[in-house]
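Here are the chains, one letter per residue:
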Amino acid sequence: MIRSRLLGLVVLIFWATLSLGCGTSSSSTYAPAGLDAQEQADELGSDDLLQPGEDAVVPGEDAVVPGEDAVVPGEDAAEQDIPGPDIDPQEVPFAVVDTGQDRCFNFFQEITCGDPGSNFFGQDGQYHGFQPKYVDNGDGTVTDLVTGLMWQRDPGVKMTFDEAIAGADAFSLAGYDDWRLPTIKELYSLIDFTGVTGLEAADSIPYIPPVFAFQYGDEAAGERFIDAQYASSTEYVSTTMGGDHTVFGVNFADGRIKGYGTTSPQGGDKKFFVLYVRGAAYGENDFADNGDGTVTDHATGLTWQQSDDGKGRFWEEALADCEALTLGAQDDWRLPSIKELQGIVDYTRSPDTTGSAAIDPIFAATETTDPEGQPNFGYYWSGTTHLDGLDLGS
């Protein structure tokens, strides 16, 4: 289990204790200090992994050569007294990979990470989860030592959604033929928020660990440099763009999840990059109502506030309120990272099809009214900053 609190907002706030909104849990996963690199490497056993190797690659580091030591981001976490997990990720079936973010920001720019009680305290860069750790197996595949998933390393050329679905059945790599198109939660597990979206490719850093082959959009062919959308198998249960069939995907050039119409605005079928995956199912929640205003997800070990409070807040206020929250006899709540918050989205639900927010009905989300006067649901804050545009953190 995980002990820590998450908070979400948009016109409201969700708190969880390493479980939803602001989060916490009965078995602590976040300790006063994070594991150092060697401790984590020792604790990450390989018996249950698909194809463990000796070497790992992580965001911000060059791909390792077979035989070299694994590299883990945030190696100085213990020295900085940054909270990090105190359990092995293999103890939970849906281990949420850390975003990689280790800096702090205000509304406009990077700032020095402050102490408890200071402005903007409690954001993503001040909490460390399961640190990303990857192995380049040297055969065109990459193993994620946190999730246990094995990935195709190089997406190759773009293809349509129908081609991506059909191609999985015929795909064979490194002697394996049980590949599949990843769900949106599997695909988003790879995102790395040390990425930066600049004004052009030369000013940008991809939001995917460098162990994977990556290319920006082909501007010579008329694409934007940010046209690096990767398809998932998760289809939107409603439609967009005037009735277009829509699938969820991750853009590793600009660091966003989006719903993409499968028809291109320029005509024909839209094309995506594709990374096939194999391994045990990942991203399935296991919620339990604790009867005290909190919900524990036994799949992630996170505990969440069960319902938002219906109040809108600025981000700074959301951070502070979550840090100050006492709920379910716990007081170690925090604003969730964006990957933790995305982990509780229920992609089988939508306002159009279920008349609800896209979240399990064990939670209560405040209904709002959109600018057109139609019923809708709010947005929720995470503690993660998206580095997009001329001024980082804006």
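This text goes with the structure placed above it.
Everything in this summary refers to the structure shown in the same document.

Rules behind the numbers
- Residues numbered from 1 in each chain as written.
- Predicted model: local features only at pLDDT ≥ 70, side-chain atom pairs only at ≥ 80, totals over all residues.
- Heavy atoms only, no water.
- Pairing = 2+ DSSP bridges.
- Helix = DSSP H or I, 4+ residues; strand = E, 2+ residues; numbered from the N terminus.
- Salt bridge = Lys/Arg side-chain N within 4 Å of Asp/Glu carboxyl O.
- Phe/Tyr/Trp six-rings, centres within 6.5 Å; stacked < 30°, edge-to-face > 60°.
- Buried < 20%, exposed > 50% of the residue type's maximum accessible area, 1.4 Å probe, protein only.
- 1 Å grid on protein atoms, 1.4 Å probe; cavity = no way out; pocket = protein on both sides within 12 Å on 5 of 7 lines; lining within 4 Å.
- Points joined across faces, edges and corners; volume = space filled by probe spheres on them.
- Nonpolar A, V, L, I, M, F, W, Y, C, P; charged D, E, K, R; others polar.
- Disulfide = S-S within 2.5 Å.
- Axes fitted to C-alpha atoms, helices over the stretch in contact; angles between N-to-C directions.
- Core = buried A, V, L, I, M, F, W, Y, C linked by side-chain atoms within 4.5 Å.
- Arc of directions from axis to C-beta.
- Patch = residues over 30% accessible without salt bridge, like charges linked within 9 Å, V, L, I, M, F, W, Y side chains within 5 Å.
- Areas by Shrake-Rupley, 256 points an atom, 1.4 Å probe, with all protein chains shown as cover.
- Lys, Arg positive; Asp, Glu negative; His and termini not counted.
- Charge placed at Lys NZ, Arg CZ, Asp CG, Glu CD.
- Polar contact = N/O pair within 3.5 Å; in protein donor to acceptor, adjacent residues only side chain to side chain.

## Observations regarding the sheet that holds strand β15 (residues 277-278)
Stage number 1. Pairing is antiparallel across the open sheet formed by 4 strands, whose spatial order is β7-β8-β9-β15. Pairing within the sheet leaves two strands with one partner each, and these edge strands are β7 (134-136) and β15.
Stage number 2. Where strand β9 (residues 150-152) meets β15, 2 bridges bridge the pair, whose relative direction is antiparallel. Looking across to β15, one finds that Met150 is bridged to Arg278.

## Notes on the pattern of salt bridges
Stage number 1. Tallied over the full model, the rule gives 12 salt bridges.
Stage number 2. Salt bridges sharing common partners tie together Asp254, Arg256, Lys258 and Asp388.

## Remarks on the packing of aromatic side chains
Stage number 1. Applying the stated rule across the entire model yields 16 aromatic pairs.
Stage number 2. Seen from their ring centres, Phe120 and Trp315 are 5.9 Å apart, and the 45° between their planes marks the pair as tilted. One end of the pair, Phe120, is in the loop between β6 (110-111) and β7; the other, Trp315, is in helix α4 (residues 315-324), and 195 residues separate them in sequence. Across this residue pair, the class does not change: Phe120 and Trp315 are buried.
Stage number 3. Aromatic pair Phe248 and Tyr347: ring centres 4.8 Å apart, planes at 70°, arrangement edge-to-face.

## Focus: the layout of surface pockets
Stage number 1. Approximately 510 Å³ is the volume found for the second largest pocket.
Stage number 2. Every residue lining the second largest pocket is counted, 20 residues in all, and those nearest its centre are Asp227, Ser264, Pro265, Gln266 and Lys270.
Stage number 3. No other element matches the 4 residues that strand β13 (residues 256-261) contributes to the lining of the second largest pocket.
Stage number 4. Of the residues assigned to the lining of the second largest pocket, the class counts are 3 nonpolar, 8 polar and 9 charged.

## Some words on the state of the cysteines
Simply put, disulfide is the name for a covalent bond between the sulfur atoms of two cysteines.
Stage number 1. For the coordinates displayed, the defined rule picks out 1 disulfide.
Stage number 2. Note on cysteine connectivity: Cys104 is disulfide-linked to Cys113, with sulfurs 2.0 Å apart. Measuring handedness by torsion sign, the sulfur bridge of Cys104 and Cys113 sits at about 105° and is right-handed.
Stage number 3. For Cys104, a relative accessible area of 1% translates into the label buried.
Stage number 4. A relative accessible area of 33% means that Cys113 is categorised as partly exposed.

## Digging into the sheet that holds β13
Stage number 1. Reading across from one edge, β11-β12-β13 is the order of the 3 strands in this open sheet, with antiparallel pairing throughout. Of all the strands in the sheet, the pair left with one neighbour each is β11 (229-235) and β13. Going across the sheet, the axis of each strand differs from the next one's by a mean of 35°, ignoring polarity.

## Some details on the nonpolar core
Taken as a class, soluble globular proteins show a tendency for nonpolar side chains to be buried jointly.
Stage number 1. Residues Trp151, Phe212 and Phe252 are the most contacted members of the largest nonpolar core, which totals 37 residues.
Stage number 2. Of all the secondary structure elements, the ones that give two or more residues to this core are α3 (184-188) and β12 (246-251).
Stage number 3. Considering each element in turn, this core owes the most residues, 3 residues, to α3.

## Topic: α4
Stage number 1. Of all the residues in α4, the buried ones are Trp315, Ala318, Leu319 and Cys322. Buried residues of α4 fall within an arc of 100° about the axis and therefore sit on the same side.

## Observations regarding the pairing of strand β8 (residues 141-144)
Within a regular strand, the side chains alternate between the two sheet faces.
Stage number 1. Across the two faces of β8 the burial is the same, with Thr141 and Thr143 and Val142 and Asp144 all buried.
Stage number 2. Relative to β8, β7 is paired through 3 bridges, and the arrangement is antiparallel. In the sheet register, Val135 faces β8, and the bridge partner there is Thr143.
Stage number 3. Two successive antiparallel strands, β8 and β9, enclose a turn made up of 5 residues, where Gly148 displays a positive phi of approximately 80°.

## Re the pairing of β11
Stage number 1. Of all 7 residues that make up β11, 5 are buried, and the element is covered over most of its length.
Stage number 2. The pairing of β11 with β12 spans 4 bridges and is antiparallel. Following the sheet pairing, Ala231 is matched in β12 by Gly249.

## Here's the deal with a negative patch on the surface
Stage number 1. Together, Asp162, Glu163, Glu235 and Asp269 line one region of the surface with negative charge.
Stage number 2. Turning to its location among the elements, Asp162 is positioned in helix α2 (residues 161-170).
Stage number 3. For Asp162, a relative accessible area of 59% puts it in the exposed group.

## Observations concerning a nonpolar patch on the surface
Stage number 1. Residues Phe107, Phe108 and Phe314 make up a contiguous nonpolar surface patch of about 370 Å² in total accessible area.
Stage number 2. Structurally, Phe108 can be placed in the loop between β5 (104-105) and β6.
Stage number 3. On the accessibility criterion, Phe108 (60% relative accessible area) is exposed.

## Focus: the environment of Ser172
Stage number 1. With respect to the secondary-structure elements, Ser172 resides in the loop between α2 and α3.
Stage number 2. Sequence separation between Ser172 and Gln152 is 20 residues; the distance between their C-alpha atoms is 10.0 Å.
Stage number 3. Reaching out from Ser172, the side chain makes a polar contact with the backbone oxygen of Tyr176 at a distance of 3.4 Å.

## Here we look at unusual backbone geometry
Phi is mostly negative for residues that are not glycine, and the peptide bonds are mostly trans.
Stage number 1. The backbone of Phe120 shows a phi angle near 65°, a positive value even though the residue is not glycine.
Stage number 2. Judged by relative accessible area, Phe120 falls into the buried class, the value being 11%.
Stage number 3. Within the chain, Ala329 stands out as a residue other than glycine whose phi angle is a positive 65°.
Stage number 4. A residue is classified by how much of its surface remains accessible, and Ala329, at 76% relative accessible area, is exposed.

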